[in-house]
Amino acid sequence: MATKAMVEGPRSKVAQDQQTNKTYCRICAVWCGIDVTTDGNKIIKVEPDKTSPRDWREFCSKGGNAGNTRDHPKRLKTPMKRVGNKYVPATYEEAIKDIAGRLTKIKEKHGPHAIATYLGNPGGSSMTSSMFQNGFMAGVGSANKYFVGSVDQNNFSVVAEEMYGCELAITNLDIENSRCFLLIGMNPAVSKLGWQNFSVNGWKRVLEAQEKGADLIVVDPRQTLSTKKANTHVVIRPGEDWAFLLGMIKTIFANGWQHQQDCDEANGVEAIKALAEAASLDDLTARCGVTIEQIVDVAGRFATVEGSFCVSQTGVAHNRNGTLGEWLANVLNLICGRMDRKGGRYYQPGTLKNTMKTINRMSPPVERRSRIGGYKAVSGAYPLATLADEIATIGQDQIKALIINGGNPVISGPDGQQLDEALQQLDLLVGIDLFQRESHRHAHWLIPATHFLEREDTLALYSVMYEIPFVQLGRSVIKPLNDIEPDWRFFLNLALAMKVPFMGIRGLNTVIKVSRWVSRITGNETYAFNPRWIWATIVTLFGRVKWSTISNNPQGVVIGEKEYGHFRPSLQTPDGKIQAAPEEFVRLLNSRLQEAPTTAAPDYPFQLINQRRKSMMNSWLVESNYHRKDFGEFVDINPEDAARKQIEDGQKVVVSSATNQVEAMAQVTDEVPTGIVSMDHGWGSRLFDPQGNEEPEVRGVNRNRLVASDRLDELSGCPNLNGTWVDLQPVASQSA
Ligand SMILES: Nc1nc2c(c(=O)[nH]1)N[C@H]1C(S)=C(S)[C@@H](COP(=O)(O)OP(=O)(O)OC[C@H]3O[C@@H](n4cnc5c(=O)[nH]c(N)nc54)[C@H](O)[C@@H]3O)O[C@H]1N2
Ligand SMILES: Nc1nc2c(c(=O)[nH]1)N[C@H]1C(S)=C(S)[C@@H](COP(=O)(O)OP(=O)(O)OC[C@H]3O[C@@H](n4cnc5c(=O)[nH]c(N)nc54)[C@H](O)[C@@H]3O)O[C@H]1N2
Ligand code: SF4
Ligand SMILES: [Mo]
């Protein structure tokens, strides 16, 4: 494989004390190349790196304002310990000693599973944070790990594991060679085109292809900036994408539009065909709300062009049928010959020679099921939706201590009030974050996190997500404020203080201690065990590029050409074939087909969905992106529904579900169809000020308080974040 090292000027002087350094933005999964100009310990500006060998063209205000987060006055600057109702600053030594002591006691009294961790989105997007956090948990011997994937992409991971033999079987989108794009449950005009795979500037490129004649079909219950650009907007009922997709699959087989060779080469396509033949289009249309004519029309447009692909994202994932939807979207691509072919979805090997094999080797499956609900672990973690009950339910393995790192689960998970109440019952709650937010309200310890600009990281292990073979070691471009320590060191020090074997490897703690001693006496920091040791070892053992090539090129390195044909040889299924009809999926599909179509209960006539906004990242950046507009207290409702409910535009309403209720302001708009209401997620998180003791700031409401923590997708553990049944009542009529 040709290796193309890119050239760059690492430290171009801009002004006397100013420097500009290159790294990548780690706020969202576009990972734009950026140039960061600093002056001493201040960030002057963050700009796109227009010479990035990968791309920079998605660069946005979130990245541009990264300095405002880094230098925000309410950012945590030292460990803080709760004393009564206040927090007092402490040293790292004090924090480690106290936390390690308490965790050791909890472990001795209640067993290792009483210690739990939650890794949120910024935490999970960092290879370092996940490795060191998991390394700590392996040392403790606790399986009680919770991960943002269970409110994001678990359905993707489950499908990839079952169909392709690895959770990280990620295929990219061959946009330029495609003639039809079927985008389901996503709003790339706002959120960018990418979820597991990443197509930089993908939405713009889709629109350019459309101008040249490609077909764009977007499936969404409501109008969005993306559906407005589509040739066809398929209006679907929340949670019923599987029925729409099964209807398409049935139509394709009935018309003989399938790619027979690809069907024959996979395992289980006959079973899918039989399932599809047995299903009736009348029944499927009654479930998903899409007419038979439209199902047949979209199936024909998708299956009969030369290149096309279907992508499904969070709109499909966030309900109890998320895995069925993701599975059937994959089946659709497979039977139409869109997997690993030009114009469809292709796999490009990343930094490692065989990423899927290496990943499987590094993370063997977890046999233990969750205590509550009996869920399988996905990506080694249990559903966030069960966390509150795992804390509150007395018995063996009850959670007594929790470390939340880079996440805000009271806002991002279901039934925020239930989780908030459960967190209060813990013997120990530690929050590692830039700020004290809603989820850290009851924390006994607050541990400051480094900002991504203050630390190194790489996605070497996950680089199959990039559209082109690419790898980058993201540099730290500024010293951590107030000498804040990276989270990896916190987890490592905690393992050492608790005397548990880091990563579960016997003898590793001794190596680490010796390395620190050598570092001390030589004065060379790099001799002390640090994340580079692990990255370099993995790349050296399993990589197809040298570690030195990665570490010498701060802009990243393109390590090959875009190629097709790598997917099937990389599969990790027992027979090396694609598994089209995994047993559990077929069973669940059959049981859904037996159920009556979902209908509204009289008390809760609307289904609640949500949108994202350009200036926010889930529940954060609200404090620091000064381009932010407030969207957090609106509920969109269709004019007909509003008239029936006597709700006027701008009126205050109570939005209630069987779980809880919140107040919001009605926005009467025909962008949502009748029966659907929409409220953004990510709002209503208080920003506390434990250092300055100012009153907490809050914007908008947490609409996830309305979401139940049961009725999960039994395969992925994902709750009904999109599709909860609710009612709206004008506030005036309530009090009348
Ligand atoms: N600016 C910004 N960008 C982001 C983020 C952010 O918070 N802000 N978050 C990032 C993250 S973590 C992620 S995972 C991605 C997510 O990116 P996307 O998956 O594109 O997520 P959304 O933009 O929320 O779009 C989801 C769409 O699904 C629709 N929908 C709801 N229910 C259903 C359903 O049952 N079926 C179908 N077909 N559609 C449904 C909603 O109306 C909505 O338009 O975005 C990333 N990018
Ligand atoms: N209803 C509904 N609910 C949803 C979604 C939806 O579309 N609808 N989307 C879901 C999705 S896709 C996702 S990904 C989740 C997100 O869920 P979470 O990851 O739980 O929540 P975030 O809002 O991303 O919170 C990120 C936290 O990390 C902190 N942080 C930022 N950078 C760092 C860092 O470098 N280190 C540390 N330690 N902390 C840092 C921020 O200050 C913030 O407090 O929400 C999910 N919830
Ligand atoms: S937040 Fe904006 S600048 Fe940062 S990676 Fe995402 S798109 Fe790029
Ligand atoms: Mo996400």
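Further up the page is the structure itself.
Quick caveat, the model's predicted, so the values are computed rather than measured. (Residues numbered from 1 in each chain as written. Chains lettered and ligands numbered in written order. Predicted model: local features only at pLDDT ≥ 70, side-chain atom pairs only at ≥ 80, totals over all residues. Heavy atoms only, no water.)

Participant: Where do I start with the overall build of the chain in this structure?
Facilitator: When its secondary structure is counted, the chain shows 27 helices and 27 strands. In terms of overall size, the chain behaves like a compact globule, its C-alpha atoms giving a radius of gyration of 25 Å where 736 residues would be expected to give roughly 27 Å. The C-alpha extent of the chain, read off along each of the three principal axes, is 75 × 70 × 55 Å. Long-range pairs, those at least 24 residues apart, make up 75% of the contacts in the chain with a sequence separation of at least 6. Accessible area for the chain stands at about 28,000 Å²; split by element, carbon and sulfur atoms hold 49% of it. In the chain, 82 side chains carry a positive charge and 82 a negative one; their mean positions are 6 Å apart. (Helix = DSSP H or I, 4+ residues; strand = E, 2+ residues; numbered from the N terminus. Rg over C-alpha atoms; globule rule 2.2 N^0.38 Å. Contact = heavy atoms within 4.5 Å. Areas by Shrake-Rupley, 256 points an atom, 1.4 Å probe, with all protein chains shown as cover. Lys, Arg positive; Asp, Glu negative; His and termini not counted. Charge placed at Lys NZ, Arg CZ, Asp CG, Glu CD.)

Participant: Where do I start with the sheet that holds strand 23 (residues 634–637) in this structure?
Facilitator: Strand pairing in a sheet relies on backbone hydrogen bonds, with the paired strands running either antiparallel or parallel. Read around the closed barrel, the six strands follow the order 22-26-23-25-24-27; overall the barrel is mixed. Geometrically, the sheet is characterised by an average inter-axis angle of 45 degrees between neighbouring strands, direction not taken into account. Bridge count for strand 23 against strand 26 (residues 676–678) is two bridges, and the pairing is antiparallel. Across the sheet, residue isoleucine 637 finds its bridge partner in strand 26, namely valine 677. (Pairing = 2+ DSSP bridges. Axes fitted to C-alpha atoms, helices over the stretch in contact; angles between N-to-C directions.)

Participant: Looking at this structure, I do not really get the site of ligand 3. What am I missing?
Facilitator: Near ligand 3 you find Cys25, Ile27, Cys28, Val30, Trp31, Cys32, Glu58, Phe59, Cys60, Lys62, Gly63 and Lys192, and these make up its full shell. Here the residues of the shell around ligand 3 are counted per class, giving eight nonpolar, one polar and three charged. (Near = heavy atom within 4 Å. Nonpolar A, V, L, I, M, F, W, Y, C, P; charged D, E, K, R; others polar.)

Participant: Help me understand a nonpolar patch on the surface in this model?
Facilitator: Taken together, the side chains of Val514, Trp517 and Ile521 make up a nonpolar region of the molecular surface, amounting to roughly 320 Å² of accessible area. What makes isoleucine 521 exposed here is its relative accessible area of 57%. (Patch = residues over 30% accessible without salt bridge, like charges linked within 9 Å, V, L, I, M, F, W, Y side chains within 5 Å. Salt bridge = Lys/Arg side-chain N within 4 Å of Asp/Glu carboxyl O. Buried < 20%, exposed > 50% of the residue type's maximum accessible area, 1.4 Å probe, protein only.)

Participant: What is the right way to look at unusual backbone geometry in this model?
Facilitator: Excluding glycine, residues mostly carry a negative phi; peptide bonds, for their part, are mostly trans. In the Ramachandran plot, tryptophan 31 falls in the positive-phi region, its phi being about 55 degrees despite a non-glycine side chain. Mapped onto the secondary structure, tryptophan 31 falls in the loop between strand 2 (18–24) and strand 3 (33–39). Judged by its relative accessible area of 7%, tryptophan 31 is buried. Residues other than glycine seldom take positive phi values, yet serine 379 does so here, at roughly 50 degrees. Here serine 379 lies in the loop between helix 16 (355–362) and helix 17 (387–392). Looking at serine 379, the relative accessible area reads 34%, which means it is partly exposed.

Participant: Got a minute to help me understand the packing of aromatic side chains in this structure?
Facilitator: Aromatic rings considered in pairs are described by the distance between their centres and by the relative angle of their planes. As enumerated under the stated definition, the model contains 17 aromatic pairs in all. Both rings, one in phenylalanine 490 and one in phenylalanine 491, keep their centres 5.6 Å apart while their planes meet at 75 degrees; by these two values the pair is edge-to-face. By relative accessible area, phenylalanine 490 is classed as buried at 3%. A relative accessible area of 0% places phenylalanine 491 in the buried class. Among the aromatic residues, those joined into a ring-pair cluster are Phe132, Trp488, Phe502, Phe529 and Trp533. When the ring centre of tyrosine 24 is taken as origin, the NZ or CZ atom of arginine 26, which lies over that ring, is 4.7 Å away. Its end group placed over the ring of phenylalanine 631, arginine 613 keeps NZ or CZ at 3.9 Å from the ring centre. (Phe/Tyr/Trp six-rings, centres within 6.5 Å; stacked < 30°, edge-to-face > 60°. Lys NZ or Arg CZ within 6 Å of the ring centre and 35° of its normal.)

Participant: Teacher, can you tell me more about the sheet that holds strand 10 (residues 180–184) here?
Facilitator: Taken in spatial order, the four strands line up as 12-11-10-13 in an open sheet, and their pairing is parallel. Strands with a single pairing partner mark the edges of an open sheet, and in this sheet they are strand 12 (232–234) and strand 13 (308–312). Averaged over neighbouring strand pairs, the angle between their axes works out to 15 degrees when direction is ignored. For strand 11 (residues 215–219) and strand 12, the ladder comprises three bridges, and the chain directions are parallel. Considered in strand 12, the bridge of valine 218 is made with histidine 233.

Participant: Can you walk me through helix 11 (residues 269–278) in this structure?
Facilitator: It helps to recall that an α-helix has 3.6 residues per turn; residues three or four apart then point in one direction. Buried within helix 11 are the following residues: Val269, Ile272, Leu275 and Ala276. End-on, the buried residues of helix 11 take up no more than an arc of 120 degrees, which puts them together on one face. Away from the buried face of helix 11 by more than 90 degrees, exposed residues Glu270, Glu277 and Ala278 are located. Among the structural elements, helix 9 (241–254), helix 10 (260–265), helix 15 (322–335) and helix 25 (583–594) are those in contact with the buried residues of helix 11. (Arc of directions from axis to C-beta.)

Participant: For this particular structure, what's the right way to read the nonpolar core?
Facilitator: Within soluble globular proteins, side chains that are nonpolar generally end up buried alongside one another. Of all hydrophobic cores here, the largest spans 151 residues; its most connected members are Phe244 and Trp327. It is helix 9 that provides the largest number of residues to this core, a total of nine residues. Beyond its immediate sequence surroundings of up to four residues, phenylalanine 244 is in contact with Val219, Val234, Ile236, Cys288, Val290, Ile295 and Val298. (Core = buried A, V, L, I, M, F, W, Y, C linked by side-chain atoms within 4.5 Å.)

Participant: Is there a simple way to explain the pattern of salt bridges in this structure?
Facilitator: In a structure, side chains of opposite charge can pair up when their charged atoms sit close to one another. Scanning all chains against the criterion turns up 40 salt bridges. Here aspartate 49 makes a salt bridge to lysine 22, at a shortest N to O gap of 3.2 Å. Placement of the pair is aspartate 49 in the loop between strand 4 (42–48) and helix 1 (61–64) and lysine 22 in strand 2, with a sequence separation of 27 residues. Residue aspartate 49 shares its accessibility class with lysine 22, and that shared class is buried. When the shortest N-O distance is used, the salt bridge between aspartate 98 and lysine 81 registers 3.8 Å. Here lysine 81 lies in strand 5 (residues 80–83) and aspartate 98 lies in helix 3 (residues 92–110), a separation of 17 residues in the sequence.

Participant: Please explain the site of ligand 1 as it appears in this structure.
Facilitator: Taken together, 32 residues lie around ligand 1, and Ser191, Asp220, Asp241, Thr314 and Met616 are the ones closest in. Between glycine 239 and ligand 1, the recorded distance is 2.7 Å, taken from a backbone N or O atom to an oxygen atom. Considering ligand 1 on its own, with 930 Å² of exposed area, one finds that the protein chains cover 96% of that surface. Of all the elements in the fold, those that place two or more residues in the shell around ligand 1 are helix 7 (188–191) and helix 14 (314–317). Of the residues that constitute the shell around ligand 1, the class distribution is eleven nonpolar, 13 polar and eight charged. (Polar contact = N/O pair within 3.5 Å; in protein donor to acceptor, adjacent residues only side chain to side chain.)

Participant: Where do I start with the pairing of strand 2 in this structure?
Facilitator: Among the seven residues that make up strand 2, six are buried, leaving the element largely enclosed by the rest of the structure. Relative to strand 3, strand 2 runs antiparallel, the two sharing seven bridges. Note that in strand 3 the partner of threonine 20 across the bridge is threonine 37.

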